[in-house]
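Examining the three-dimensional arrangement
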Amino acid sequence: MTELYPTYHKLNEFEKFQIIPSKYQHLMEKLPSKLLGYDTNTKVEKGKKQGYTTGVNYMSPYKTYPYGNVCAMADKFKCHGPCLNESGRGKFSVNQVARFRKLALFKDHPELFKEMLIKDIETGIRKAKRDNTKVAIRINGTSDIDIVRLYLDILKEYEDEVEFYDYTKIVKYLLNLQKLDNQISNYHLTFSYSKVKTAQEYIEQATKTKFNIAMVIKNENQVTRLMENEYKIKLYGREYNLINGDDDDLRFLDTNNSIVLLKYKETRASQEDIDNFVVDIDDLPRNVELT
Ligand code: SF4
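Below is a short write-up of the structure. (Residues numbered from 1 in each chain as written. Predicted model: local features only at pLDDT ≥ 70, side-chain atom pairs only at ≥ 80, totals over all residues.)

What follows is about the overall build of the protein. Counting its secondary structure elements, the protein contains twelve helices and ten strands. The C-alpha atoms of the protein give a radius of gyration of 19 Å, which matches the 19 Å a tight globule of 291 residues would have. Across its three principal axes, the protein shows a C-alpha extent of roughly 60 × 45 × 35 Å. Taken over 291 residues, the protein has a buried fraction of 38%. For the protein, long-range pairs separated by at least 24 residues make up 67% of all intrachain contacts whose partners lie at least 6 apart in sequence. (Helix = DSSP H or I, 4+ residues; strand = E, 2+ residues; numbered from the N terminus. Rg over C-alpha atoms; globule rule 2.2 N^0.38 Å. Buried ≥ 20, exposed ≤ 12 C-beta atoms within 10 Å, placed from the backbone. Contact = placed C-beta atoms within 7 Å.)

Written as structure tokens, this is what we have:
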């Protein structure tokens, strides 16, 4: 299996461009041990109370040389700054090498990636049986790849056993999923909002679909204020109910016609990136209205 492993061929590139610090480069010679981590952060753990074991795949997002872009709309939505919270230059961690290895596998050996994904889904199903829970899986933990195009067979195979869900910034994914409504019942998408001008035409298109929209709000106080005062948000003329998205990550349980509020979590993003992406309810963007 290791003979197949892509990064051998690129190791000299990593060295040449110092993509991965030399002390971590030997790790690129190994396959990832798994793709999905189950119940590995506080937010997905909250889903346990609602009877779900949640598996998430985190791989290096956006444009990671030499692997191209796994977040096609990140430039337009200016989300890569607030997203890449751990990847300041020279701040490479073992965790990030792990994410990088998954990306390398996905790009260079997609069949192997898929095999591993299926294996991990099976692991989750067995775990859930032991824990007497159901299974939820988010493949795009830190990426925005086309799940329906790549893994339609997996979605169908596990229709009765797994709820798949993701956040996306790609309207085409919403429209395709909408078209396949009667074929896929276990994949759920939430569209992600951004304040920046270049994202607005896509957000307006998303408001014309049935999908909910996630919005990152400046801080917890603002989220609480919105929830306690039972505000609604009007976006491009459409009025949405509000959900506190930090209560859990089980987006497929959200009621329709909702905006999912997520409090901004500290990152190393520049102030400009934060201003482009995060909503301050005391200084609302032009197309957002509280009602
Ligand atoms: S926020 Fe999403 S689309 Fe943007 S860079 Fe991160 S994973 Fe990619």
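On to the nonpolar core, then. If you look at the biggest cluster of nonpolar residues, it comprises 70 residues, and the most contacted ones within it are I137, F164, I213, M215, V260 and L261. Per-element tally for this core: the top contributor is helix 6 (residues 94–108), with six residues. (Core = buried A, V, L, I, M, F, W, Y, C linked by C-beta atoms within 7 Å.)

Attention now moves to the sheet that holds strand 7 (residues 233–235). Pairing in this open sheet of ten strands is mixed, and the strands run 1-2-3-4-5-6-9-8-7-10 from one edge to the other. The strands lining the two open edges of the sheet, one partner per strand, are strand 1 (36–38) and strand 10 (288–290). Neighbour to neighbour, the strand axes of the sheet diverge by 30 degrees on average, direction disregarded. Alignment of strand 2 (residues 52–57) against strand 3 (residues 134–138), held across five bridges, turns out to be parallel. (Pairing = 2+ DSSP bridges. Axes fitted to C-alpha atoms, helices over the stretch in contact; angles between N-to-C directions.)

This part is about unusual backbone geometry. Phi is positive for D39, close to 50 degrees, though the residue is something other than glycine. Here the phi dihedral of E230 falls at roughly 50 degrees; this positive angle occurs in a residue that is not glycine. Among the secondary structure elements, E230 is positioned in the loop between helix 11 (220–228) and strand 7.

To continue, consider the site of the ligand. Looking at the ligand, the residues that line it are P61, Y62, C71, A74, C79, H80, C83, T142, S143, D144 and K169. Looking at the shell around the ligand residue by residue, the class counts come to six nonpolar, three polar and two charged. (Near = placed C-beta within 6 Å. Nonpolar A, V, L, I, M, F, W, Y, C, P; charged D, E, K, R; others polar.)

Side-chain direction in a regular strand flips from residue to residue, so the side chains alternate between the two faces of the sheet. Counting buried residues in strand 2 gives six out of six residues, a clear majority hidden from the surface. Both faces of strand 2 are covered, namely the face carrying Y52, T54 and V56 and the face carrying T53, G55 and N57. Sheet topology note: the strand 1/strand 2 ladder contains three bridges and is antiparallel. Among the inter-strand pairings, Y38 is bridged to a residue of strand 2, identified as G55.

Let us look at the environment of L150. Position of L150 among the secondary structure elements: in helix 8 (residues 147–157). Judged by the 16 C-beta atoms lying within 10 Å of it, L150 is partly exposed. On a C-alpha basis, the gap between L150 and P110 in space is 9.4 Å, while along the polypeptide they are 40 residues apart.

Any link to function would need more than the numbers given here.
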